[in-house]
Amino acid sequence: QYACGLNYAKGSTGGGPAVPQNTLWWQDSFDGTILDTEPPLPDWKPETTGAGSVVMSGTGSVRFLGNSSVNGGGGIRTAGYVYGNFHLETEVTITNAGRSHTSVGEANFDIRIREGSKGYSLTFFTSDSPTNTNRIVLRRTNEWVQIGSYNVAVPGGINSGDTFKIFITANGSNIHYTVYKKSNPTPVVDWDVNDDGQKVGWIRLMSYNLNEARVNDFKLYGPQWSSVTDWARY
């Protein structure tokens, strides 16, 4: 899938060094001024709700803005690529935890995996969200119901300026979620989820009725390559 996405010109086959096991499938540090929306990977499709927008910060992050609109939010989705088994690492800052519009009873950021007719949404409800205030909830995409008992209160809340490091390993029916709040060596989420709801689908990062969230970095490995740990703990 990755090789096809590179769109290399046709040439001779064979040769070349072996790919080291710690090589990333792909990475986006969002350090440009334009979101990457063309192959090779990374290749994102920007998506918005309400009058929300997706804007590059120019300083190493992509901004998801609600723009004071009802249901306002922004997001990015893997364009043309679906994923089943993988290890994902990303860093997210809730820049402004306020609601985009007070007529809506929630404000959140979510990262969705294996999204299709079903899928999985790890949802961060902020301190200004009347629904699930300061909680991280695992929900079924397109149904938006909680999966099992996966719902936890975040110590100190989910406030403006809070940064979270998110690790997801999906392998068959098992999905492992680990989330750290910056400067805290103890994970706020450490979940082993066994579920057959969806085995393959898009990856999406999205805000909903939220003033602003920023994604600072994104990496995608093979599921067996999740050995990077030291820097993950800040």
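See the structure printed just above.
Being a predicted model, the structure only gives us computed values, none of them experimental. (Residues numbered from 1 in each chain as written. Predicted model: local features only at pLDDT ≥ 70, side-chain atom pairs only at ≥ 80, totals over all residues. Heavy atoms only, no water.)

J.: Could you give me a rundown of the environment of Gly148, with the residues and numbers involved?
T.: Within the secondary structure layout, Gly148 lies in strand β10 (residues 146–153). Linking Gly148 and Asn194, residues 46 residues apart in sequence, is a C-alpha distance of 10.0 Å. (Helix = DSSP H or I, 4+ residues; strand = E, 2+ residues; numbered from the N terminus.)

J.: Account for the pairing of strand β7 (residues 108–115), with residues named and values stated.
T.: Among the eight residues in β7, eight count as buried, and that is most of the element. Bridge analysis of β7 against strand β8 (residues 120–125) gives six bridges, and the strand direction is antiparallel. Looking across to β8, one finds that Asp110 is bridged to Thr123. Between the antiparallel neighbours β7 and β8 lie four residues, among them Gly119 with a positive phi of about 140°. As judged from the six bridges shared by β7 and strand β14 (residues 202–208), these two strands associate in the antiparallel manner. Along β14, the bridge assignment pairs Asp110 with Met206. (Buried < 20%, exposed > 50% of the residue type's maximum accessible area, 1.4 Å probe, protein only. Pairing = 2+ DSSP bridges.)

J.: So, the pattern of salt bridges: which residues are in play, and what are the values?
T.: Tallying each qualifying case throughout the model produces 15 salt bridges. In this structure, Glu115 and Arg204 form a salt bridge, with 2.7 Å as the shortest nitrogen-oxygen distance. Taken together, the positions of Glu115 in strand β7 and Arg204 in strand β14 put the pair 89 residues apart, joining distant regions of the chain. Of the two residues, Glu115 and Arg204, both sit in the buried class. Put simply, Lys45, Glu47, Arg77, Asp110, Arg112, Glu115 and Arg204 are held in one network by salt bridges that share partners. (Salt bridge = Lys/Arg side-chain N within 4 Å of Asp/Glu carboxyl O.)

J.: An account of the packing of aromatic side chains is needed here, citing residue identities and associated values.
T.: Considering all chains together, one arrives at nine aromatic pairs under this definition. Summarising the aromatic geometry, the rings of Trp26 and Phe218 are spaced 5.2 Å apart at their centres and angled 35° between planes, so their arrangement reads as tilted. Placement of Trp26 in strand β1 (residues 26–28) and of Phe218 in strand β15 (residues 210–221) is noted, with a sequence separation of 192 residues between them. Here a set of aromatic residues connected by ring pairs shows up, and it is made of Trp26, Phe30, Trp44 and Phe218. Directly above the ring of Trp202 sits Arg77, whose terminal nitrogen or CZ lies 4.1 Å from the centroid. (Phe/Tyr/Trp six-rings, centres within 6.5 Å; stacked < 30°, edge-to-face > 60°. Lys NZ or Arg CZ within 6 Å of the ring centre and 35° of its normal.)

J.: Account for the side chain of Ser53, with residues named and values stated.
T.: Tracing the backbone shows Ser53 in strand β3 (residues 53–56). Ignoring any residue separated from it by four or fewer positions in sequence, one finds Ser53 in contact with Thr48, Arg63, Phe64, Leu65, Asn67, Gly73 and Gly74. (Contact = heavy atoms within 4.5 Å.)

J.: Now, about unusual backbone geometry: what can you tell me, with residues and values included?
T.: Omega for the bond connecting Pro39 with Pro40 falls within 30 degrees of zero, at 0°, which places this linkage in the cis form. Checked against the element boundaries, Pro40 lands in the loop between β1 and β2 (44–49). Omega for the peptide link from Leu41 to Pro42 comes to 5°, which places this bond in the cis form. Considering the arrangement of structural elements, one finds Pro42 in the loop between β1 and β2. Phi is positive for Phe30, close to 50°, though the residue is something other than glycine. If you trace the backbone, Phe30 turns up in the loop between β1 and β2. Judged by its relative accessible area of 1%, Phe30 falls in the buried class. A positive phi angle, close to 55°, is found at Asn67, a residue other than glycine.

Read these as spatial facts, not as claims about activity.
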